[in-house]
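Each chain is listed here by its residues.
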Amino acid sequence: MPIRNRFAELLPELAALRRDLHCHPELRFECHRTAKIVADRLRAIGCDEVVEGIGVTGVVGLIRGRAGGRVVGLRADMDALPIHEATGKPYASIHHGKMHACGHDGHTAMLLGAAQYLCETRNFAGTVAVIFQPAEEGGAGAKVMCDAGLMDRFAIQEVYGMHNRPGHPLGEFNIRAGAFYAACDEFRITIEGKGGHAAAPERGVDPVVLSSQLILALQTISSRSADPVENVVLSVCGVRSDSEVHNVIPQRVEMRGTIRTHDAALRARVEQRLHALCEGVALAGGARAEVEFVEGYPVMINHSAETEIARTVALEVSGRCLEAGYNMGGEDFSYMLEERPGAYIVVGAGAGPGLHHPEYDFNDEVIPFGASWYVGVAEARLAA
Ligand SMILES: [Zn+2]
Ligand SMILES: [Zn+2]
């Protein structure tokens, strides 16, 4: 089961479709045009059932094979990012400040290609549910679809997802069982001091000095509070005071950042240490700290048996599937894997700018690999 010949035939059409989506990027749940194109095409290629509006703009297509068998879900994401495109491509985004910088245009095209193949061949027993979700980039679209009853409504028993990765050889897959993508939490800290004249710091409480102490103290969470072999990263990404001039000590400083972990117990410990350090440093300096911890996507855990299926199919498709390392990025497919067993795989996209870069463009040469993998997984799990 190498790359399917049918995808060589379909490639020009799927690439054209992908470029049209690229030209018209949509953010978060506002994937109205994309969802309509997806739903129309699913109907045109002969899906037995197409349901729109699951999780706002999510679309599900059902393809039935021979009687009996299970229901396998294949998922792609459809949304773009709030980035100014700088690819200079003829099909570059026509929407200022929006672009497909994560390749979800390509993921959508690959799953549409797989759906077409599965409709044409129907060489399986059971049902394939193709799932097109909005809002992977920050909106938890997968969770919203799950909360709308995705899994139960279509009796989905297992689910598979994929992401392209530039900078890795074209068609080289990688995957790991267990924790794969990180839990992504966000924090906002406010240090309330006592502002005043910068020439008389003794009359106030300087939140700038305290915030700099706190930034360094927070770095001891990963170095001193976590087991050295555990994965944790805490990044303070924004610091802002309410003073705009060089000679006023501000009243308050706000900081925000992200925490990434692969383990629930560690995630809880980091949150506890974050609170303790903020309160402790503020107290020592005579200030007050407020901490807001916002839970983001949970850790994405690949299930063992399904990971082996995904790996076997990937090896059949391209002959190359490496053991992946941990990824500190986040992925809302984690919510689907909390509801059903399944696996998520990464496919190499060849050289080029990285994901979320303004010059990134999905490599259409990935389409035959990705579409073949989707089809292979469905046929392997629904073999008669
Ligand atoms: Zn992304
Ligand atoms: Zn992405």
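Computed from a predicted model, the values in this text were never measured in an experiment.

A. Structural context of the packing of helix α8 (residues 304–318) against helix α10 (residues 367–381). Two elements in contact, α8 and α10, have axes whose closest approach is 9 Å; the angle formed by their N-to-C orientations is 130 degrees. What the angle tells us is that α8 and α10 run oblique. In terms of crossing hand, the pair formed by α8 and α10 is right-handed. In this structure, α8 uses Glu306, Ile309, Ala310, Val313, Ala314, Val317 and Ser318 to contact α10, whose residues at the interface are Phe369, Ser372, Trp373, Gly376, Val377, Ala380 and Arg381. Here the residues of the contact of α8 with α10 sort into nine nonpolar, three polar and two charged.

B. A look at the sheet that holds strand β12 (residues 252–261). The strand order β10-β12-β8-β13 describes an open sheet built from four strands, whose pairing is antiparallel. Both edges of this open sheet fall to β10 (232–241) and β13 (288–294), since each of them pairs with a single strand only. Ignoring strand direction, the axes of neighbouring strands in this sheet form an average angle of 20 degrees. For strand β8 (residues 183–192) and β12, the ladder comprises ten bridges, and the chain directions are antiparallel. Each bridged residue has a counterpart across the sheet, and for Thr190 the counterpart in β12 is Glu254. The strands touched by helix α7 (residues 264–285) within the sheet are β8, β10, β12 and β13, with β13 carrying the most contacts at an inclination of about 165 degrees.

C. A look at the nonpolar core. Counting 58 residues, the largest nonpolar core has Leu42, Leu74, Phe132, Phe173 and Trp373 as its most contacted members. Broken down by element, the residue count for this core peaks at nine residues, all from helix α3 (residues 104–121). When neighbours within four sequence positions are excluded, Trp373 is seen to be in contact with Tyr160, Gly161, Met162, Phe173, Ala310, Val313, Ala314, Val317 and Ile345. Counting 25 residues, the second largest nonpolar core, distinct from the first, contains Val205, Leu214, Leu218 and Ala289.

D. Focus on the environment of Arg340. Relative to the assigned elements, Arg340 resides in the loop between α9 (333–339) and β16 (342–348). You can call Arg340 buried: its relative accessible area is 18%. Sequence separation between Arg340 and Gly73 is 267 residues, and the spatial gap between their C-alpha atoms is 9.7 Å. Residue contacts for Arg340: discarding those within four places in its chain leaves Met151, Asp152, Ile156, Gln157, Glu158, Val159 and His303.

E. How the structure looks around the coordination of the zinc ion (ligand 1). Taken together, the protein donors to the zinc ion (ligand 1) comprise Cys102 (SG), Glu137 (OE) and His356 (NE2), at separations of 2.0 to 2.2 Å. Sequence spacing of the donors to the zinc ion (ligand 1): C-x34-E-x218-H. Between the zinc ion (ligand 1) and the zinc ion (ligand 2), a spacing of 3.1 Å is present, and a bridge between the two is formed by Cys102. Taken together, the positions of Glu137 in the loop between β4 (125–133) and α4 (141–147) and His356 in the loop between β16 and α10 put the pair 219 residues apart, joining distant regions of the chain. What makes Glu137 buried here is its relative accessible area of 15%.

F. Summary view of unusual backbone geometry. The phi torsion at Arg28 lies on the positive side, around 45 degrees, for a residue other than glycine. Among the structural elements, Arg28 can be located in the loop between α1 (5–23) and α2 (32–44). Looking at Arg28, the relative accessible area reads 43%, which means it is partly exposed. The phi torsion at Ala140 lies on the positive side, around 55 degrees, for a residue other than glycine. Relative to the assigned elements, Ala140 resides in the loop between β4 and α4.

G. View of the environment of Ser334. Summarising the element assignment, Ser334 is placed in helix α9. When sequence neighbours within four positions are dropped, the list of residues in contact with Ser334 reads Tyr297, Pro298, Val299 and Met300. A distance of 2.9 Å separates the side chain of Ser334 from the backbone oxygen of Glu331, its partner in a polar contact.

About the criteria used
Per chain, the residues get numbers from 1 upward, laid out in the order the sequence is written. Whichever chain is written first becomes A and whichever ligand is written first becomes 1, with later ones labelled in order. The model is predicted, so local features are restricted to residues of pLDDT at least 70 and side-chain atom pairs to those at 80 or more, both for listing and for counting; the totals for chains, interfaces and linings are taken over all residues. Side-chain numbers come from the whole structure's heavy atoms, not from hydrogens or water. Axis definition: a line fitted to C-alpha atoms, over the contacting stretch in the case of helices. Angles run 0 to 180 degrees between N-to-C directions. Secondary structure elements follow DSSP: runs of H or I no shorter than four residues count as helices, runs of E no shorter than two count as strands, and numbering proceeds from the N terminus. If an angle is under 35 degrees, it is roughly parallel; if it is over 145, roughly antiparallel; if it lies from 65 to 115, roughly perpendicular; otherwise it is oblique. By the definition used in this description, the sense in which the near helix is turned from the far one sets the handedness, with an anticlockwise turn below a right angle giving left-handed and a clockwise turn giving right-handed. Contact criterion: two residues are considered in contact whenever any of their non-hydrogen atoms come within 4.5 Å of each other. Classification used: nonpolar for Ala, Val, Leu, Ile, Met, Phe, Trp, Tyr, Cys and Pro, charged for Asp, Glu, Lys and Arg, polar for all others including Gly. Only strands joined by at least two bridges in the DSSP assignment are considered to pair. Nonpolar cores are built from buried Ala, Val, Leu, Ile, Met, Phe, Trp, Tyr and Cys residues. Side-chain atoms within 4.5 Å join them into one set. Categorising residues by exposure relies on relative accessible area from a 1.4 Å probe, with only protein chains included: less than 20% of the type maximum marks a residue as buried, more than 50% marks it as exposed, and the intermediate range marks it as partly exposed. For Na, K and Ca the donor cut-off is 3.2 Å, while for other metals it is 2.8 Å, and in both cases only N, O and S atoms qualify; water is not among them, so sites may look incomplete. Within 3.5 Å is the distance limit for a polar contact, defined as a pair of N or O atoms, with the added protein rule that one can donate a hydrogen and the other accept it, and that residues adjacent in sequence qualify only through two side-chain atoms.

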